[in-house]
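# Structural overview for review
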There are 2 protein chains.
Amino acid sequence: MDKFMQSAIEEARKGLEEGGIPIGSVLVKNGEIIGRGHNRRVQENDPLAHAEIDCIRNAGRIGRYDDTVLYSTLMPCYLCAGAAVQFGIKRVIVGESGNFEGASVFMKEHGISVTDLNIEECRKMMSNFIKENPEVWNEDIGEQ
Amino acid sequence: MDKFMQSAIEEARKGLEEGGIPIGSVLVKNGEIIGRGHNRRVQENDPLAHAEIDCIRNAGRIGRYDDTVLYSTLMPCYLCAGAAVQFGIKRVIVGESGNFEGASVFMKEHGISVTDLNIEECRKMMSNFIKENPEVWNEDIGEQ
């Protein structure tokens, strides 16, 4: 499997071990990971601590994003897709979109190349979490 | 002037006093402010610490947002507009959009009522900051 997606999955697993939502993300530039993150909504009681937000924040103030690739184990929602559009990220690679359609159309409309690797491990980790914690997941995507 | 916009302006001024970008935001529910925030990109070295993000985070995990109103001294960018769309905020009131067109069309397309109060104080505070700190502003909106 894509080694960067593997790193995003490791982040998702960290989140799960912490009692959080298993979504992980890495930001890649010049073939190297410059930021990692995972969903911390539950851990930090922060409704905006989505995986991609945590990841981009951890990469710091890098200035330009047009040569970065954002990996996420799940298709980004509008919040995270909005970050990608605003900062000019040109490529987003996701582990799956079966559990959440997210904002893929919105990203594509704004010229972002979106690739769905459709990885079974990502799908299962997320569907198991949603089955066991539907209320936490619905809160995460604003559907309470 | 709208008392909630006045509070958003106070937040923007706080940011300016801290050496940051003067954009402020408040989240209102049932006629009361439940969250306040201002842009902290410079202060916290966090590229995602936009005013509206800071504000929504400070409001905590409130669950539903469809009965909230988001005030901002400046038209939200795609990151912050994405948060509003994802969490189902139905009304956004801004101080101005002359210095930044933002993602008003995107929000309207997603059913959000967007009102621009076009307040001179907001316009001037922002235009003065952009004139004096163009590089900080361009970084904030991903246009470095």
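As a starting point, this report considers the structure included with it. Treat the numbers as computed from the prediction; the structure is a model and nothing was measured.

Summing up its helical and strand segments, chain A has seven helices and five strands in all. Moving toward the C terminus, one meets the helices and strands of chain A in the order α-β-β-α-α-β-α-β-α-β-α-α. With respect to the three principal axes, the spread of C-alpha positions in chain A is 40 × 30 × 25 Å. Looking at chain A residue by residue over its 144 residues, the buried ones come to 58%. Taking the contacts inside chain A whose residues are at least 6 apart along the sequence as the reference set, 55% of them involve residues at least 24 apart.

Our next topic: the relation of the copies chain A and chain B. Screw-axis analysis of chain A against chain B gives a translation of 0.0 Å along the axis, an RMSD of 0.0 Å, and a rotation angle of 180 degrees. The operation mapping one copy onto its partner corresponds to a two-fold rotation axis. Within chain A, the C-alpha atom positioned nearest to the axis of rotation is that of A:G82, 2.5 Å from it. An overlap of 100% is found between the interface residues of chain A and their copies at the interface of chain B, pointing to a shared contact surface.

Turning next to the sheet that holds strand β2 (residues 32-38) of chain B. Residue and element names in this part refer to chain B. Spatial strand order, β2-β1-β3-β4-β5: five strands in an open sheet with mixed pairing. Every other strand in the sheet has two partners, leaving β2 and β5 (113-116) as the edge strands with one partner each. Shown here is a sheet whose adjacent strand axes are inclined to one another by a mean of 15 degrees, direction ignored. Sheet topology note: the strand β3 (residues 68-72)/strand β4 (residues 91-94) ladder contains four bridges and is parallel. Looking across to β4, one finds that L70 is bridged to V92. Packed on one face of the sheet, helix α1 (residues 3-17) meets β1 (24-29), β2, β3 and β4 and runs near 25 degrees to β2. Helix-sheet contacts for helix α3 (residues 51-59) involve β1, β2 and β3, and the interaxial angle to β2 is about 135 degrees.

What follows deals with the interface of chain A and chain B. Listed by partner, the interface residues are 31 residues for chain A and 31 residues for chain B. Between chain A and chain B, roughly 2900 Å² of surface is buried when both sides are summed, and carbon and sulfur atoms account for 58% of that area. Residue A:E139 is joined to B:R61 by a salt bridge in which the shortest nitrogen-to-oxygen separation is 2.7 Å. For the side of chain A that touches chain B, the secondary structure elements donating two or more residues are α2 (41-44), α3 (51-58), α4 (78-87) and α7 (134-140) of chain A. When residues of the side of chain A that touches chain B are assigned to their parent elements, the largest contribution, seven residues, is made by α4(A). Grouping the amino acids of the side of chain A that touches chain B by side-chain chemistry returns 15 nonpolar, nine polar and seven charged.

What counts, and where the lines are drawn
Residues numbered from 1 in each chain as written. Chains lettered and ligands numbered in written order. Predicted model: local features only at pLDDT ≥ 70, side-chain atom pairs only at ≥ 80, totals over all residues. Heavy atoms only, no water. Helix = DSSP H or I, 4+ residues; strand = E, 2+ residues; numbered from the N terminus. Buried < 20%, exposed > 50% of the residue type's maximum accessible area, 1.4 Å probe, protein only. Contact = heavy atoms within 4.5 Å. Least-squares fit on C-alpha atoms with pLDDT ≥ 70 in both. Pairing = 2+ DSSP bridges. Axes fitted to C-alpha atoms, helices over the stretch in contact; angles between N-to-C directions. Buried area = accessible area lost by both parts, 1.4 Å probe. Salt bridge = Lys/Arg side-chain N within 4 Å of Asp/Glu carboxyl O. Nonpolar A, V, L, I, M, F, W, Y, C, P; charged D, E, K, R; others polar.

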